[in-house]
Amino acid sequence: MSDDSNEAELIELSHSLSLSNYIREIWIRREFAVVVPINDMRAQNMDTALGQLWHLVNPMMLISVFYLVFGIMLDTDRGVDNFLGFLVIGVLLFQLSQRTIQESAASIRRNEFLIRSIQFPRALLPISAVVGQTVAFLPSLLVLVALVLITGEVPTSRWLLLPVILICQAVFGLGASLIVARIGFVMNDVQQILPHLFRLLFYISGVLFSVETFITNLTIKKLFAINPFYDIITIARWSLMGLSAPLECIIGLTVWTITLPLIGIFYFRSNEHRYGA
């Protein structure tokens, strides 16, 4: 390819593309969003005794701590027969969303040198964070399914919907990641704020308790469906454990999955010319 054509390509990428062309440019460079986070994951824990086994050990230790405190010491399993399975689904799925969004918040600032050096759709950076955290979640998913089976749940046809639920979670996470990536670029303090926000969300998303049992006010119960984290966890528990999933949760997750990525991509792109400037 001639130097003139190379220059034309760089000029085209630096200008505002239509949404369809922008998505096409992301697809052409999709390998970046897959290879880089996978290599980063492989590099984690390389200097530890257990190495990659930590990807399995960490979720098991996390669940053990929560079960000891909330299942045994505080006895919060009221209304839930299989509290360990209930807890596993809630904690691990919430943690996936939390890690995805928090990782994305720093994705632009962390890669400013790359942004200044190479022309590419900047949305690849939060997309890479989503892919990376999803891949890193696979060992936790094995732990989740194994513990749900060990605690007595029997696979049914609804288990086949789990991949669909995880895809919805990833798409929602992408929308949220695009939004926080822009906010994180403008306001570096967001990385200090997010852990506290997620700590609040953790306790109001039904991770540790059954909303159906603990909340008696019907209006408040319906308001929980506004929370996408609660929707994801509730529908996953319906899929794997046969617990109830109110229609409001299904509608809520559907709306979040469709609308948030669209809002995210437009919001992220509106400031893209400033990233790395």
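Since the structure is predicted, the reported quantities are computational estimates derived from the model, not experimental observations. Sequence positions are assigned chain by chain, starting from 1 and proceeding in written order. At least 70 in pLDDT is required for a residue's local features to be given in this predicted model, at least 80 for side-chain atom pairs to be given and counted, and no such filter applies to totals for whole chains, interfaces and linings, which use all residues. Hydrogens and water are ignored here; the side-chain numbers use all heavy atoms of the structure.

Chemist: Can you break down the overall build of the protein residue by residue, with the values?
Modeler: Counting its regular elements, the protein contains 14 helices and zero strands. By the burial criterion, 45% of the 277 residues in the protein qualify as buried. Where helices and strands are cited, they refer to DSSP runs of H or I of at least four residues and of E of at least two residues respectively, numbered from the N terminus. Here the term buried applies to any residue with accessible area under 20% of the maximum for its type, exposed to any over 50%, and partly exposed to those in between, with areas from a 1.4 Å probe on protein chains only.

Chemist: I'd like a description of the confidence of the model for the protein, backed by residues and values.
Modeler: As a per-residue measure, pLDDT tells how confident the predictor is, with possible values from 0 to 100. Here the protein averages 84 in pLDDT, while 84% of its residues score no lower than 70. In the predicted structure, residues 1-15 sits below a pLDDT of 50 and forms nine contacts with residues beyond four places in sequence or in another chain. Contacts were defined at the residue level, with two residues in contact if any of their heavy atoms lie within 4.5 Å.

Chemist: Outline the nonpolar core, supporting the account with residue identities and numerical values.
Modeler: In these notes, a set of buried Ala, Val, Leu, Ile, Met, Phe, Trp, Tyr and Cys residues joined through side-chain atoms within 4.5 Å is what counts as a nonpolar core. Of all hydrophobic cores here, the largest spans 52 residues; its most connected members are Ile89, Leu93, Phe94, Leu144 and Leu240. Residue assignment for this core shows that the elements contributing at least two residues are helix H4 (54-73), helix H5 (83-105), helix H8 (124-150), helix H9 (162-186), helix H10 (190-203), helix H13 (228-241) and helix H14 (247-269). The greatest single-element share of this core, amounting to twelve residues, is contributed by H5. Aside from chain neighbours lying at most four places away, what touches Leu144 is Val88, Ile89, Leu92, Leu93 and Leu240. Tyr22, Ile26, Phe120 and Leu125 belong to the second-largest nonpolar core, a separate cluster that totals 17 residues.

Chemist: Please provide a residue-by-residue account of the pattern of salt bridges, values included.
Modeler: The salt bridge definition used is simple: a Lys or Arg side-chain nitrogen within 4 Å of an Asp or Glu carboxyl oxygen. Tallied over the entire structure, the rule returns six salt bridges. Here Arg24 and Glu25 are joined by a salt bridge, their closest N and O atoms 3.6 Å apart. Taking relative accessible area as the criterion, Arg24 reaches 42% and is therefore assigned partly exposed. Residues participating in the shared-partner salt-bridge network are Arg24, Glu25 and Arg29.

Chemist: Tell me about the packing of H5 against H13, and name the residues and values.
Modeler: Following both chains from N to C, one finds H5 and H13 inclined at 140°, their axes separated by 9 Å at the closest point. Judged by the inter-axis angle, H5 sits oblique to H13. The crossing of H5 and H13 is right-handed. Counted together, Gly85, Phe86, Ile89, Gly90, Leu93, Phe94, Ser97 and Ile101 of H5 and Phe229, Ile232, Ile233, Ala236, Arg237, Leu240 and Met241 of H13 form the full contact between these two elements. Here the axes come from fitting lines to C-alpha atoms, over the contacting stretch only for helices, and the angles between their N-to-C directions go from 0 to 180 degrees. Any angle that falls under 35 degrees is termed roughly parallel, while one over 145 is termed roughly antiparallel, one within 65 to 115 roughly perpendicular, and all others oblique. We call a crossing left-handed when the near helix sits turned anticlockwise from the far one by less than a right angle, and right-handed when that turn is clockwise.

Chemist: Give me the lowdown on the packing of H9 against H14, citing residues and values where you can.
Modeler: Where H9 contacts H14, the axes come no closer than 8 Å and their chain directions differ by 30°. One way to sum up the angle between H9 and H14 is to call them roughly parallel. Crossing of H9 against H14: the hand is left-handed. The segment H9 lies against H14, with Cys168, Val171, Phe172, Gly175, Ala176, Leu178, Ile179, Ala181, Arg182 and Ile183 engaging Leu253, Trp256, Thr257, Leu260, Pro261, Ile263, Gly264, Ile265, Tyr267 and Phe268. When residues are sorted by character, Ala, Val, Leu, Ile, Met, Phe, Trp, Tyr, Cys and Pro go into the nonpolar class, Asp, Glu, Lys and Arg into the charged class, and all the rest, Gly among them, into the polar class. Tallied by class, the residues present in the contact of H9 with H14 amount to 16 nonpolar, three polar and one charged.

Chemist: Report on the side chain of Ser107, specifying residues and quantitative values.
Modeler: Assignment of secondary structure puts Ser107 in helix H6 (residues 107-110). The residues touching Ser107, leaving out its near neighbours within four places in the chain, are Leu125, Pro126 and Ala181.

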